[in-house]
Amino acid sequence: MYADSAIVAQKGETKSWRRTGSSGQWLEQTFCTTCGSIVFMRAEGLTEALSVSVGCLEDLEFPAPAILHWPNRKHKWLCLEGVPLAEVS
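A quick note: this is a predicted structure, and the numbers were derived from the prediction, not measured.

Chemist: I would appreciate a short explanation of the packing of aromatic side chains in the present structure.
Modeler: In this description, an aromatic ring pair is defined by two values, namely the gap between the centres and the angle between the planes. Inspection of every chain in the model, using the stated rule, returns 0 aromatic pairs. Sitting over the ring of W26, R18 keeps its end group 3.6 Å from the ring centre.

Chemist: Please explain the side chain of E28 as it appears in this structure.
Modeler: On the secondary structure map, E28 appears in strand β3 (residues 26-32). On the accessibility criterion, E28 (18% relative accessible area) is buried. Setting aside residues no more than four positions away along its own chain, E28 makes contact with S16, W17, R18, F40, M41 and R42.

Chemist: Help me out: how do you make sense of the pairing of strand β5 (residues 49-52) in this one?
Modeler: Moving residue by residue along a regular strand, the side chains alternate between the two faces of the sheet. With 2 bridges joining them, strand β1 (residues 2-3) and β5 adopt antiparallel strand pairing. Residue Y2 lies in a different strand from β5, and its bridge partner there is L50. Sheet analysis places strand β4 (residues 38-43) next to β5, joined by 2 bridges and oriented antiparallel. When the bridges of β5 are listed, M41 appears paired with S51. Counting the residues that bridge the hairpin from β4 to β5 gives 5 residues, and of these E48 lies at a positive phi of roughly 55°.

Chemist: Quick question: what am I supposed to make of the sheet that holds β4 here?
Modeler: Paired through backbone hydrogen bonds, the strands of a sheet run either parallel or antiparallel to each other. Taken in spatial order, the 5 strands line up as β1-β5-β4-β3-β2 in an open sheet, and their pairing is antiparallel. The sheet terminates laterally at β1 and β2 (14-20), the two strands that pair on one side only.

Chemist: Explain the nonpolar core to me, please; I cannot follow it from the model alone.
Modeler: One recurring pattern in soluble globular proteins: nonpolar side chains tend to sit buried together. Ranked by size, the top nonpolar core spans 5 residues in total: C32, V39, F40, L50 and V52. Sorting the residues of this core by element identifies β4 and β5 as the ones contributing at least two each. Apart from the residues within four sequence positions on either side, V52 is in contact with Y2, I7, V39, F40 and L57.

Chemist: Is there a simple way to explain the confidence of the model for the protein in this structure?
Modeler: Fine structural detail should not be taken from predicted coordinates in areas where pLDDT scores are low. Mean pLDDT for the protein: 86, with 98% of residues reaching 70 or above. Within the protein, the element-level pLDDT minimum falls on β1, averaging 84, and the maximum on β2, averaging 94.

Calculation rules
- Residues numbered from 1 in each chain as written.
- Predicted model: local features only at pLDDT ≥ 70, side-chain atom pairs only at ≥ 80, totals over all residues.
- Heavy atoms only, no water.
- Phe/Tyr/Trp six-rings, centres within 6.5 Å; stacked < 30°, edge-to-face > 60°.
- Lys NZ or Arg CZ within 6 Å of the ring centre and 35° of its normal.
- Helix = DSSP H or I, 4+ residues; strand = E, 2+ residues; numbered from the N terminus.
- Buried < 20%, exposed > 50% of the residue type's maximum accessible area, 1.4 Å probe, protein only.
- Contact = heavy atoms within 4.5 Å.
- Pairing = 2+ DSSP bridges.
- Core = buried A, V, L, I, M, F, W, Y, C linked by side-chain atoms within 4.5 Å.
- pLDDT = per-residue confidence, 0-100.

Laid out in structure tokens, this is it:
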């Protein structure tokens, strides 16, 4: 997650769509018009911040995840041993 002001460049064409999340607040996902991958996401509850999909960053040394949010939504094939689960509120 990054502050809007931390984003310094964006390459390629994107489009966005908005939906209502399980909380009742909106989520806006922005995707690449060429491949369809989600590039980043904004949420009504996260003002002036966005969540960038790590695969869209050009840094091959990007650190591994430090915490897993929504573990019940994780694909069964995804192995993240040793990554702590976020506390559910």
